[in-house]
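Single-letter residue listing:
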Amino acid sequence: MLGRIRALVLKELLAVLRDRRSRAVLIVPPLLQLTIFAFAATLDVKAVELAVLDQDGGAAAVELVQRFSGAPYFSGVRHLAGAQQVAPVLEREQAMAVLVLAQGFSRDVAALRPATAQLLLDGRRSNTSQIVQGYVQAIVDGYNQDLAQARGEAGPPARLMVRAWFNPNLDYLWFTVPNLIGMLTMVVGLIVTSLSVAREREMGTFDQILVTPLSPREILAGKTIPAMILGLAEGQLIVAAAIVLFRIPFLGAFPVLLLAQFLFLLSVVGVGLFISSLCKTQQQAILGTFTFMIPSMLLSGFATPIETMPELLQLISQANPLRYFLVAVRGVLLKGMSLGMVLEVVWPLVPIAVVTLGLSSWFFRRRLG
């Protein structure tokens, strides 16, 4: 039996690696996606365009505007000539926010009276608006504190000191790239597995496999093991690219990450086999793969925290293998999680793998029978 499985595994590996297009699909797109998504799929808000309507023109107003011009969050400050330009700037998305300083702002500051400034935000991008509002609030708070110190007044009674663990500089790549390791590993595992049986059927060689002494379980093993090998190899290539190209720290142990990847791919391969058993052509298999991948990514906690989702979606996400692997890969890379801590996170992958492999095996044998 081992000899027959070994021969089928070798045949599957050669079918993928000898084909120039298959080799290109396995190597080039994941690295290209890693490079593009690392910079494009970011929720960080930088280089925001800010518009300022300074109707005061006094020293205090000019100083405050200069602080916004020198802030690293804003790419530039657009100066408006009048109030009639405020609405068009926001409607045409020429600026994310408009700061309005009314007449008398500098006079109120000099007279030690409360001075007000108006901030108008583009609410169509609610998440970005909230972040920009936080940036503006931080600049205004710093301005107020410097004014109080210049006048010899006491500062605020309490100050918040922020320290970011595991990512001191709050570099968004340190969050995005580890997540991409999990998502691209899942893409490779699903595509290789889902295309295996569909490719045989489309090329007309699947019937030849059925007349061989191979049993359905041996055929499944011969389709599963190559996907695991290629998925693990591709995963290590992506990890190496993340460390070398993007300078992502690797604080954990490589065998711990490899174990998490193995359990993750084991659960993903079962889904790929199930899709492959349903489909008759490679085009159907690719469509089925992306039908599964998109909800998995959305329910993994990558784009939005799982805790903010409705309770029904939180319950569904518990069956999502990507949810657990993303926590593990971020923990190993950025936190140096030990084997015990990783197992506490990824143990649900074992029952998920048992269910997916069991269902795919049962459905595969049923389709053959």
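Please read all numbers here as calculations on a predicted model, not as lab measurements.

About the criteria used
- Residues numbered from 1 in each chain as written.
- Predicted model: local features only at pLDDT ≥ 70, side-chain atom pairs only at ≥ 80, totals over all residues.
- Heavy atoms only, no water.
- Helix = DSSP H or I, 4+ residues; strand = E, 2+ residues; numbered from the N terminus.
- Rg over C-alpha atoms; globule rule 2.2 N^0.38 Å.
- Buried < 20%, exposed > 50% of the residue type's maximum accessible area, 1.4 Å probe, protein only.
- Contact = heavy atoms within 4.5 Å.
- Areas by Shrake-Rupley, 256 points an atom, 1.4 Å probe, with all protein chains shown as cover.
- Lys, Arg positive; Asp, Glu negative; His and termini not counted.
- Charge placed at Lys NZ, Arg CZ, Asp CG, Glu CD.
- Pairing = 2+ DSSP bridges.
- Axes fitted to C-alpha atoms, helices over the stretch in contact; angles between N-to-C directions.
- Salt bridge = Lys/Arg side-chain N within 4 Å of Asp/Glu carboxyl O.
- Arc of directions from axis to C-beta.
- Polar contact = N/O pair within 3.5 Å; in protein donor to acceptor, adjacent residues only side chain to side chain.
- Patch = residues over 30% accessible without salt bridge, like charges linked within 9 Å, V, L, I, M, F, W, Y side chains within 5 Å.
- Expected span 1.5 Å × (residues − 1).
- Core = buried A, V, L, I, M, F, W, Y, C linked by side-chain atoms within 4.5 Å.

Draft legend 1. Region of the structure containing the overall build of the chain. Along the chain, the regular secondary structure elements total 15 helices and 4 strands. The C-alpha atoms of the chain give 28 Å as radius of gyration, which overshoots the globular expectation for 369 residues (21 Å, by more than 25%). Expressed as a percentage of its 369 residues, the buried residues of the chain come to 42%. Considering only contacts in the chain between residues 6 or more positions apart, those separated by 24 or more positions represent 79%. Accessible area of the chain: about 19600 Å², with a carbon and sulfur share of 63%. In the chain, 30 side chains carry a positive charge and 23 a negative one; their mean positions are 12 Å apart.

Draft legend 2. The sheet that holds strand β1 (residues 48–54), seen in detail. Strand order in the open sheet formed by 4 strands is β2-β1-β3-β4, and the pairing between neighbours is mixed. Each end of this open sheet is capped by a strand with a single partner; those strands are β2 (74–79) and β4 (118–121). Taken pair by pair, the neighbouring strands of this sheet meet at an average axis angle of 25 degrees, ignoring direction. Along the sheet, helix α6 (residues 126–150) makes contact with β1, β2, β3 (97–101) and β4, crossing β4 at roughly 160 degrees.

Draft legend 3. The pattern of salt bridges, seen in detail. Using the criterion set out here, one finds 6 salt bridges in the structure. Between D146 and R67 there is a salt bridge; the shortest N-O distance is 2.7 Å. Placement of D146 in helix α6 and of R67 in helix α3 (residues 59–70) is noted, with a sequence separation of 79 residues between them. Under the relative-accessibility criterion, D146 is labelled partly exposed at 36%. Since its relative accessible area comes to 26%, R67 is described here as partly exposed. The closest approach of N and O atoms between D108 and R113, which form a salt bridge, is 2.9 Å.

Draft legend 4. View of helix α14 (residues 339–346). Among the residues of α14, those classed as buried are V342, V345 and V346. Burial along α14 is one-sided: seen end-on, the buried residues are contained in an arc of 85 degrees.

Draft legend 5. Layout of the side chain of D122. Assignment of secondary structure puts D122 in the loop between β4 and α6. Residue D122 is classed as buried on the basis of its relative accessible area, which comes to 4%. For D122, the side chain forms a polar contact with the side chain of R124, separated by 2.9 Å. Those residues in contact with D122 that lie beyond four places of it in its chain are L90, E93, M96 and S129.

Draft legend 6. Structural context of a nonpolar patch on the surface. Where nonpolar side chains cluster on the molecular surface, the patch consists of I27, V28, L32, I36, F37 and L237 and spans about 510 Å² of accessible area. The element contributing the most residues to the nonpolar patch is helix α2 (residues 20–40), with 5 residues. Tracing the chain through its elements places V28 in helix α2.

Draft legend 7. Quick look at helix α7 (residues 173–203). Over its 31 residues, α7 runs 42 Å from end to end, which matches the ideal 45 Å to within 8%, given 1.5 Å per residue. For α7, a buried count of 25 out of 31 residues is recorded, marking the element as mostly surrounded by other parts of the structure. Following α7 by one or two positions, G204 adopts a phi angle in the positive range, close to 80 degrees.

Draft legend 8. Layout of the nonpolar core. The biggest cluster of nonpolar side chains holds 46 residues, and the ones touching the most others in it are L34, V177, I248, V342 and V346. Contributing elements (two or more residues each) for this core: α2, α7, α9 (216–246), α10 (254–278), α11 (282–298), α13 (321–335), α14 and α15 (349–368). For this core, the element with the most residues is α7, which contributes 11 residues. The contact partners of V346, leaving out residues within four places of it in the chain, are A260, L263, Y324 and A328. In terms of nonpolar packing, the next biggest core, distinct from the first, is built from 24 residues, A61, V65, A71 and V136 among them.

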